[in-house]
Amino acid sequence: MPIITFAGTRIFWISISIILLFLGEKGKRTAFTCLLALFLGYFLSELLKAVFQVPRPFEVIEWVRISTIAGGYSLPSGHTTASFSGFLIIGVNYGRLPIFLSLAVLVGISRIYMGLHYPSDVVLGGLLGMLCALVSLRIEEKLFKSVKDKYQKG
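Every value quoted in this text rests on a predicted model; they were computed, and no experiment measured them.

Here is what the cut-offs are and how they apply
Residues numbered from 1 in each chain as written. Predicted model: local features only at pLDDT ≥ 70, side-chain atom pairs only at ≥ 80, totals over all residues. Heavy atoms only, no water. Helix = DSSP H or I, 4+ residues; strand = E, 2+ residues; numbered from the N terminus. Polar contact = N/O pair within 3.5 Å; in protein donor to acceptor, adjacent residues only side chain to side chain. Contact = heavy atoms within 4.5 Å. Phe/Tyr/Trp six-rings, centres within 6.5 Å; stacked < 30°, edge-to-face > 60°. Patch = residues over 30% accessible without salt bridge, like charges linked within 9 Å, V, L, I, M, F, W, Y side chains within 5 Å. Areas by Shrake-Rupley, 256 points an atom, 1.4 Å probe, with all protein chains shown as cover. Salt bridge = Lys/Arg side-chain N within 4 Å of Asp/Glu carboxyl O. Buried < 20%, exposed > 50% of the residue type's maximum accessible area, 1.4 Å probe, protein only. Axes fitted to C-alpha atoms, helices over the stretch in contact; angles between N-to-C directions. Parallel < 35°, antiparallel > 145°, perpendicular 65-115°, else oblique. Left-handed = near helix turned anticlockwise from the far one by under 90°. Nonpolar A, V, L, I, M, F, W, Y, C, P; charged D, E, K, R; others polar.

Trainee: I would appreciate a short explanation of the side chain of arginine 56 in the present structure.
Mentor: Position of arginine 56 among the secondary structure elements: in the loop between helix H3 (24-52) and helix H4 (57-60). Side-chain polar atoms of arginine 56 contact the backbone oxygen of glycine 72, separated by 3.4 Å. A distance of 3.2 Å separates the side chain of arginine 56 from the backbone oxygen of tyrosine 73, its partner in a polar contact. Those residues in contact with arginine 56 that lie beyond four places of it in its chain are Lys49, Ala70, Gly71, Gly72, Tyr73, Ser74, Arg111, Leu116, His117 and Tyr118.

Trainee: Explanation requested: the packing of aromatic side chains in the structure shown.
Mentor: Centre-to-centre distance and the angle between the planes together describe a pair of aromatic rings. In this structure the tally under the stated criterion is five aromatic pairs. Plain terms: the ring middles of phenylalanine 12 and tryptophan 13 are 5.1 Å apart, the flat faces sit at 85° to each other, and that makes the pair edge-to-face. Seen in terms of ring centroids, tryptophan 13 and phenylalanine 87 are 4.9 Å apart; in terms of plane orientation they differ by 75°. Their pairing is edge-to-face. Taken together, the positions of tryptophan 13 in helix H2 (residues 10-21) and phenylalanine 87 in helix H5 (residues 78-94) put the pair 74 residues apart, joining distant regions of the chain.

Trainee: Please clarify how a nonpolar patch on the surface should be interpreted in this entry.
Mentor: A cluster of nonpolar side chains, contributed by Met1, Ile4, Ile99, Leu103, Val105, Leu106, Ile109 and Tyr113, occupies part of the molecular surface with about 700 Å² of accessible area. Counting residues per element, the nonpolar patch draws most heavily on helix H6 (residues 97-113), which supplies six residues. Checked against the element boundaries, methionine 1 lands in the segment before helix H1 (2-5).

Trainee: Even after reading the chapter, I still don't get the pattern of salt bridges, so can you show me in this structure?
Mentor: Pairing of side chains with opposite charge becomes possible as their charged atoms draw close. A full pass over the atoms with the stated rule returns two salt bridges. Arginine 29 is paired through a salt bridge with glutamate 140; the nearest N and O atoms lie 3.1 Å apart. Remark: glutamate 140 occurs in helix H7 (residues 119-153) and arginine 29 occurs in helix H3; sequence separation between them is 111 residues. Residue glutamate 140 is classed as buried on the basis of its relative accessible area, which comes to 5%. In this structure, glutamate 141 engages arginine 138 in a salt bridge whose closest nitrogen and oxygen atoms are separated by 3.5 Å. Within this pair, glutamate 141 and its partner arginine 138 are both found in helix H7, separated by three residues, close to a single helical turn.

Trainee: Sorry, what's going on with the environment of phenylalanine 12 here?
Mentor: In this fold, phenylalanine 12 is placed in helix H2. Along the chain, phenylalanine 12 and serine 136 lie 124 residues apart, while their C-alpha atoms are 19 Å from each other. With near-sequence residues (within four places) excluded, phenylalanine 12 lies in contact with Phe6, Ala7 and Phe87.

Trainee: Just checking my understanding: could you explain the packing of H3 against H5 for this structure?
Mentor: The packing of two helices is summarised by the inter-axis angle and the distance between the axes. Between H3 and H5, whose axes approach to 9 Å, the crossing angle comes to 155°. Comparing the axis directions of H3 and H5 gives the class roughly antiparallel. For the pair H3 and H5, the sense of crossing is right-handed. Contact with H3, carried on its side by Lys26, Gly27, Thr30, Thr33, Cys34, Ala37, Leu38, Gly41, Ser45 and Lys49, involves Gly78, Thr81, Ala82, Ser85, Gly86, Ile89, Ile90, Asn93 and Tyr94 of H5 and no other residues of that element. Along the lines of polarity and charge, the residues of the contact of H3 with H5 split into seven nonpolar, 10 polar and two charged.

Trainee: Teacher, can you tell me more about unusual backbone geometry here?
Mentor: Glycine aside, the phi torsion of most residues is negative, and most peptide linkages are trans. Across the junction of leucine 75 and proline 76, the peptide omega takes the value -5°, indicating a cis bond. Of note in the backbone geometry, glutamine 53 takes a positive phi value of approximately 50° without being a glycine. Taking the relative accessible area as the measure of exposure, glutamine 53 reaches 45% and is therefore partly exposed. Phi at arginine 96 is positive, roughly 60°, even though this residue is not glycine. Residue placement: arginine 96 occurs in the loop between H5 and H6. Residue class for arginine 96 comes out exposed when judged on its relative accessible area of 63%.

Shape is all these values report; function is a separate question.
The structure is reproduced here in structure tokens:
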């Protein structure tokens, strides 16, 4: 599970975005969109954590064991937010959406399994990630359409 949960880290998504930069124009657009969604998701999840201040399961349930170091609050799952936003964008831009969403679900399950989040944290993180992905995809569409229109007119 620690290997699966890595797909929800910022370093994972920054690395994926760097790789995408080398995959042509579509890759550059996808990298931009993933990083935008990652930024939005991080900001919003940290804001929600500060508002709700839900302790992590291992802090309040004595039989829950953790297999990694974690700090901060529990709600929502930032790893799940990041994985849903990134995998949704890649699935939309490159196809095979069910496979990519399954990977995001696995990240969420890994967070529960590792004792770091409640199921509600993961569900909210998934919804937040999907929202950030959809907003970022919309921004990508409008931004690149306006750039394309500008160069076609000029």
